[in-house]
Amino acid sequence: MANIKSAKKRILVAATKTERNKSIRSAVKTSMKKVEAAVNAQNKEEAMAALSSASSVISKAAQKGVYHKNNAARKVSRLAKLVNGMA
């Protein structure tokens, strides 16, 4: 355990940020699963709506620094490719 006051604070702040990031990552994964589920069900309208929602959630995560912008762009691109590839 840290003895210095600033080090103790850093431990608390890191724990808080870790929880926040974990929550945001979880939301991103959930939104991606919704898109994939709609694609697997061959529901184009639902997939498009889920894609729009997912891209918004992913972009917000990137803005908050949870994901690097290229990582976020890659995730959105892959989901869009999945939806656009539907018959």
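Residues numbered from 1 in each chain as written. Predicted model: local features only at pLDDT ≥ 70, side-chain atom pairs only at ≥ 80, totals over all residues. Heavy atoms only, no water.

## Some points on the packing of helix α2 (residues 44-63) against helix α3 (residues 69-84)
Following both chains from N to C, one finds α2 and α3 inclined at 175°, their axes separated by 9 Å at the closest point. In terms of their interaxial angle, α2 and α3 are classed as roughly antiparallel. Mapping the contact onto sequence places K44, A47, M48, L51, A54, S55, I58 and A62 in α2 and K69, A72, K75, V76, L79, A80, V83 and N84 in α3. Looking at the contact of α2 with α3, its residues break down into 11 nonpolar, two polar and three charged. (Axes fitted to C-alpha atoms, helices over the stretch in contact; angles between N-to-C directions. Helix = DSSP H or I, 4+ residues; strand = E, 2+ residues; numbered from the N terminus. Parallel < 35°, antiparallel > 145°, perpendicular 65-115°, else oblique. Contact = heavy atoms within 4.5 Å. Nonpolar A, V, L, I, M, F, W, Y, C, P; charged D, E, K, R; others polar.)

## Some details on the pattern of salt bridges
Under the definition given, this model contains one salt bridge. Note that E19 and K22 form a salt bridge whose closest N and O atoms lie 3.8 Å from each other. In this pair, E19 and K22 both sit in helix α1 (residues 5-40), three residues apart, roughly one turn of the helix. (Salt bridge = Lys/Arg side-chain N within 4 Å of Asp/Glu carboxyl O.)

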